[in-house]
Amino acid sequence: MEEDEAPSSGRRSSRRRSTSADLPTADPPSLIRSDTPLHIGESAAIGFTTPSLLPRSYHESVSETDRSFRLAAGVALVVWTSLLYLVLTYAPTESYDELDPVERMCTTMATAALGVSNLSRVVPLVWRRRANAFSGIIVAACAIQFIAVMTNAIMLAVPTPVMIDPVTKGRVHLLRWVEWAPLAAVMTFLTEGA
């Protein structure tokens, strides 16, 4: 215990300086600190899964939102698969056509960009093998990019149904509509729900 000296009187002051030994050593039971830093690409939602001073209803709300994003991703995959099956099964056989050179180049570039983007997000999370690294938002974003990449890959690999628009006389790829229908709903949900 160290005491201050009074500058003018030569007397010692009764005021104590607080030291680290004077501070409480135990954390309150409701507060748990994590010394593990978040890594790039991991969700900040990890912090919401540990007990804190926030009310329980807040954590339940975050958990429910996380489940909703996961459910939206699953529904989008099911809707995309169903629409893909219906279009490839019931489209007229004479409508099947391959991509022209410009469409092929654009589709290849989009597939490569989306593939690299998705892999650069997923590989670090898988590499660390953290159970809570895949939050609902990450799952939904990966599902969105998976649907886009797979649609592009199918269009590159095999002839797909192409219709001619009666008004604009432009080529309309039916697989683009198969892709956009579920993705528009999920991306709107991500925007409004986050």
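Each value, and the rule that gives it
Residues numbered from 1 in each chain as written. Predicted model: local features only at pLDDT ≥ 70, side-chain atom pairs only at ≥ 80, totals over all residues. Heavy atoms only, no water. Salt bridge = Lys/Arg side-chain N within 4 Å of Asp/Glu carboxyl O. Helix = DSSP H or I, 4+ residues; strand = E, 2+ residues; numbered from the N terminus. Buried < 20%, exposed > 50% of the residue type's maximum accessible area, 1.4 Å probe, protein only. Pairing = 2+ DSSP bridges. Core = buried A, V, L, I, M, F, W, Y, C linked by side-chain atoms within 4.5 Å. Contact = heavy atoms within 4.5 Å. pLDDT = per-residue confidence, 0-100. Patch = residues over 30% accessible without salt bridge, like charges linked within 9 Å, V, L, I, M, F, W, Y side chains within 5 Å. Areas by Shrake-Rupley, 256 points an atom, 1.4 Å probe, with all protein chains shown as cover. Expected span 1.5 Å × (residues − 1). Axes fitted to C-alpha atoms, helices over the stretch in contact; angles between N-to-C directions. Parallel < 35°, antiparallel > 145°, perpendicular 65-115°, else oblique. Nonpolar A, V, L, I, M, F, W, Y, C, P; charged D, E, K, R; others polar.

**Q** Which residues make up the pattern of salt bridges, and what are the values?
**A** What the rule picks out here adds up to four salt bridges. Close ionic contact of arginine 171 with glutamate 103 constitutes a salt bridge, the shortest N to O distance being 3.1 Å. Here glutamate 103 lies in helix H2 (residues 101-128) and arginine 171 lies in strand S5 (residues 171-173), a separation of 68 residues in the sequence. Accessibility expressed as a relative area gives 17% for glutamate 103, which makes it buried. Within the structure, one salt-bridge network assembled from shared partners comprises Asp97, Glu103 and Arg171.

**Q** Let's hear about the pairing of strand S4 (residues 160-164): which residues, and what values?
**A** Pairing analysis gives two bridges linking strand S3 (residues 96-97) to S4, with the strands arranged antiparallel. Note that in S4 the partner of tyrosine 96 across the bridge is proline 161. Two strands pair when backbone bridges link them, and S4 and S5 are joined in this way by three bridges, in the antiparallel orientation. What sits directly across from methionine 163, in S5, is valine 172. The turn joining S4 and S5, which pair antiparallel and follow one another in sequence, is formed by six residues; a positive phi near 60° is taken by lysine 169.

**Q** Give a detailed account of the sheet that holds S3, specifying residues and quantitative values.
**A** Spatially, three strands are ordered S3-S4-S5 in an open sheet, and the strand pairing comes out antiparallel. Looking at the sheet topology across the chains shown, the edges are occupied by S3 and S5.

**Q** Lay out the nonpolar core in plain terms, naming residues and giving numbers.
**A** If you look at the biggest cluster of nonpolar residues, it comprises 19 residues, and the most contacted ones within it are Trp80, Leu84, Leu175, Val178 and Leu190. The set of elements that each furnish at least two residues to this core consists of helix H1 (56-90), helix H3 (136-157) and helix H4 (174-193). Per-element accounting of this core gives the leading share, seven residues, to H3. Each residue touching valine 178, except ones within four places of it in the same chain, is listed here: Trp80, Leu83, Leu84 and Val87.

**Q** Can you lay out the confidence of the model for the chain for me, pointing to particular residues and giving the numbers?
**A** For the chain, per-residue confidence averages 78 on the pLDDT scale, and residues scoring 70 or more make up 68% of the total. Across the chain, the element-wise mean pLDDT spans from 47 in strand S1 (residues 3-5) up to 94 in S3. Within the model, pLDDT remains below 50 along residues 1-6, and this stretch shows 13 contacts once partners closer than five positions in the same chain are excluded. Confidence over residues 18-33 falls short of pLDDT 50; this stretch has eight contacts with residues more than four positions distant or in other chains.

**Q** Outline a nonpolar patch on the surface, supporting the account with residue identities and numerical values.
**A** A grouping of Leu71, Val75 and Val79 is seen on the molecular surface, where their side chains present a nonpolar patch of about 250 Å² in accessible area. With respect to the secondary-structure elements, valine 75 resides in helix H1. Accessibility expressed as a relative area gives 44% for valine 75, which makes it partly exposed.

**Q** Explain H4 residue by residue, including any values.
**A** Here H4 spans 29 Å end to end across 20 residues, near enough to the 28 Å set by a 1.5 Å rise per residue. Taken as a whole, H4 has its buried residues at Leu175, Arg176, Val178, Glu179, Pro182, Leu183, Val186 and Leu190.

**Q** Please set out the environment of leucine 156 residue by residue, giving values where relevant.
**A** Among the structural elements, leucine 156 can be located in helix H3. As a C-alpha pair, leucine 156 and threonine 111 span 45 residues in sequence and 9.4 Å in three-dimensional space. In this structure leucine 156 touches Leu99, Arg104, Thr107, Thr108 and Thr111, once residues within four positions along its chain are discounted.

**Q** Just give me the short version of the packing of H3 against H4, but keep the residues and values in it.
**A** Relative placement of two packed helices is described by the angle separating their axes and the distance separating the axes. Two numbers describe how H3 lies on H4: the axes approach to 10 Å, and their chain directions differ by 170°. Between H3 and H4, the crossing angle belongs to the class labelled roughly antiparallel. Residues Ala140, Ile144, Ile147, Ala148, Thr151, Asn152, Ile154 and Met155 of H3 touch H4, and the partners they reach there are Leu175, Arg176, Glu179, Leu183, Val186, Met187 and Leu190. When grouped by side-chain class, the residues that make up the contact of H3 with H4 number eleven nonpolar, two polar and two charged.

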